Amino acid sequence: MRTRLTFLLLTGACTALLAFTSIGATQGPGGAIAMDGDDIAGVVTGPKGPEAGVWVIAETTDLPTKFSRTVVTDDQGRYLIPDLPKASYQVWVRGYGLVDSPKSTATPGARLALEAVVAPTPQAAAHYYPAGFWYSLLEIPAEREFPGTGGTGNGIQPAITSQQQYLRVVKSGGCTTCHQLGTIGTREIPKDLGHFNSSLDAWQRRIASGQAGGAMVGTINQVGLRMQQEFANWTDRIKAGAVPPAPPRPQGLERNVVITQWDWADPKHYLHDEV
Ligand code: HEC
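What you are looking at is a predicted structure, and each value in this text was computed from that prediction instead of being measured.

Student: Hey, could you run me through the site of the ligand in this one?
Tutor: If you check the shell around the ligand, you find 20 residues, and the closest are Cys175, Cys178, His179, Gln211 and Met216. Taking Gln211, its side chain carries an N or O atom lying 2.9 Å from an oxygen atom of the ligand. Here an oxygen atom of the ligand and a backbone polar atom of Ala212 are 3.0 Å apart. Put simply, the parts of the chain that give the shell around the ligand at least two residues each are helix H4 (184-187), helix H5 (199-206) and helix H6 (213-221).

Student: What's the story with the pattern of salt bridges in this structure? I'm lost.
Tutor: Opposite charge on two side chains permits them to pair, given that their charged atoms come into close proximity. Tallied over the full model, the rule gives six salt bridges. Between Arg226 and Glu145 there is a salt bridge, and its shortest N-O distance comes to 3.0 Å. Pair noted here: Arg226 is in helix H7 (residues 225-239) and Glu145 is in the loop between helix H2 (131-135) and helix H3 (163-170), with a separation of 81 residues, a long-range link. Taking relative accessible area as the criterion, Arg226 reaches 14% and is therefore assigned buried. Linked through salt bridges whose partners overlap, the residues forming this network are Glu145, Arg226 and Glu230.

Student: I'm lost on the coordination of the iron atom of the ligand in this one. Help?
Tutor: Each angle at a metal carrying four tetrahedral donors should ideally be 109.5 degrees, and each at a metal carrying six octahedral donors should ideally be 90 or 180 degrees. Protein-derived ligands of the iron atom of the ligand are His179 (NE2) and Met216 (SD), with the metal-ligand distances lying across 2.0 to 2.1 Å. Because the angles between the six donor atoms bound to the iron atom of the ligand fall within 85 to 179 degrees, the donor set is best described as octahedral. Within this pair, whereas His179 is found in the loop between H3 and H4, its partner Met216 is found in helix H6, the two being separated by 37 residues in sequence. Judged by its relative accessible area of 26%, Met216 is partly exposed.

Student: Help me out: how do you make sense of the packing of aromatic side chains in this one?
Tutor: Scanning the model with the defined rule gives nine aromatic pairs in all. Arranged with centres 6.5 Å apart and planes meeting at 65 degrees, the rings of Phe67 and Tyr89 form a pair that is edge-to-face. With a gap of 22 residues between them, Phe67 in strand S6 (residues 67-72) and Tyr89 in strand S8 (residues 89-94) connect regions that are remote in the sequence. Here Phe67 falls in the buried class, since its relative accessible area comes to 8%. Look at Tyr89 and you get buried, because its relative accessible area is 0%. In this structure an aromatic cluster arises from ring pairing among Tyr135, Trp203, Phe231 and Trp234. When the ring centre of Trp92 is taken as origin, the NZ or CZ atom of Lys103, which lies over that ring, is 4.1 Å away. Its guanidinium or amino end placed over the ring of Trp203, Arg206 lies 4.3 Å from that ring's centre, counting from NZ or CZ.

Student: Just checking my understanding: could you explain the side chain of Glu51 for this structure?
Tutor: Within the fold, Glu51 resides in the loop between strand S4 (49-50) and strand S5 (55-60). Discounting chain neighbours no more than four positions away, the residues touching Glu51 are Val44, Thr45, Gly46, Thr73, Asp74, Gly77, Leu98, Ala116 and Arg249.

Student: I tried to follow the environment of Gln164 on my own but got confused; where do I start?
Tutor: As for its placement among the helices and strands, Gln164 is situated in helix H3. Between the C-alpha atom of Gln164 and that of Glu143, which follows or precedes it by 21 residues, the distance is 8.7 Å.

Student: Explain the packing of H3 against H7 to me, please; I cannot follow it from the model alone.
Tutor: The relative placement of two packed helices comes down to the angle between their axes together with the axis-to-axis distance. Taken N-terminus to C-terminus, the directions of H3 and H7 make an angle of 60 degrees; their axes are 12 Å apart at the nearest point. In terms of orientation, H3 and H7 fall into the oblique class. Handedness of the H3/H7 crossing: right-handed. Touching Tyr166, Val169 and Val170 of H3 are Arg226, Met227 and Glu230, all from H7. Looking at the contact of H3 with H7 residue by residue, the class counts come to four nonpolar, no polar and two charged.

Student: Would you mind showing me how to read H5 here?
Tutor: Of all the residues in H5, the buried ones are Ser199, Ala202, Trp203 and Arg206. The buried residues of H5 occupy an angular sector of 100 degrees when the element is viewed end-on, so they sit on one face.

About the thresholds
Residues numbered from 1 in each chain as written. Predicted model: local features only at pLDDT ≥ 70, side-chain atom pairs only at ≥ 80, totals over all residues. Heavy atoms only, no water. Near = heavy atom within 4 Å. Polar contact = N/O pair within 3.5 Å; in protein donor to acceptor, adjacent residues only side chain to side chain. Helix = DSSP H or I, 4+ residues; strand = E, 2+ residues; numbered from the N terminus. Salt bridge = Lys/Arg side-chain N within 4 Å of Asp/Glu carboxyl O. Buried < 20%, exposed > 50% of the residue type's maximum accessible area, 1.4 Å probe, protein only. Donors = N, O, S within 2.8 Å, 3.2 Å for Na, K, Ca; no water. Tetrahedral: all angles 85-135°; square planar, octahedral: opposite > 155°, others 65-115°. Phe/Tyr/Trp six-rings, centres within 6.5 Å; stacked < 30°, edge-to-face > 60°. Lys NZ or Arg CZ within 6 Å of the ring centre and 35° of its normal. Contact = heavy atoms within 4.5 Å. Axes fitted to C-alpha atoms, helices over the stretch in contact; angles between N-to-C directions. Parallel < 35°, antiparallel > 145°, perpendicular 65-115°, else oblique. Left-handed = near helix turned anticlockwise from the far one by under 90°. Nonpolar A, V, L, I, M, F, W, Y, C, P; charged D, E, K, R; others polar. Arc of directions from axis to C-beta.

Printed below as a string of structure tokens:
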């Protein structure tokens, strides 16, 4: 029996629509996963046996838009990707502690055994961690540094009187009002940006970019040079190999989630076109 809850989410500055469905796994005779002709199902195993709480992703470009559906394995490593539109899918495993497995080709109705690939280094594993985990590596000045002592002092404006006020600019009262931080595009400085003598120079140049440049520079200047230096130090530490703590794999009901994504815009759309 399946229970189903569907939500539609409009993502921030992203070109995908997401639908979440909750699905209870059922077992057929002989322990095999009960499946329909429009499902893909099977077991994921790693070097130590079944891999619990990892994602299995089915993706296709056969449909009018790029489409993917993601599910999570249960405690026996089993997965079921339900109700797939007719198409040829690339299917693979992603999970914390792993790197993406090689992609297998399958069509709905297939039973497919998949092998999880253990990440060779902590950096390779961390490539898949959520942006917020990477953002957590940004250092925040200690409470005793507030109120700021300005341009000739600690680089924090005197108007920033508490650590909470600083954090508000770092988070939803400032930078993350418009977009996530900690994504690969923000935690690394792309070579294409040009040559800079320091990562502080690179940060100053790149947040001045694009239509939102004025708003970004204005936001960081509310705090002062110190915040620019902390962003520069953040990218330097990451470049030198720093990795965030490993997130836990999905547990319990989180393993029943089904995520469907499909494209509906392209790289030439600005985030406001979404509205
Ligand atoms: C008013 C909305 C807004 C705010 C606030 C904002 N950003 Fe941005 N940011 C953007 C947009 C939009 C882009 C894409 C470039 C463009 O088109 O302007 C961007 C791009 C970036 C990039 C470049 C990503 C890349 O691909 O190279 C970085 C880094 C960045 N922002 C960091 C920040 C930081 C740090 C803050 C806080 C000080 C911040 N942003 C605040 C809207 C904003």
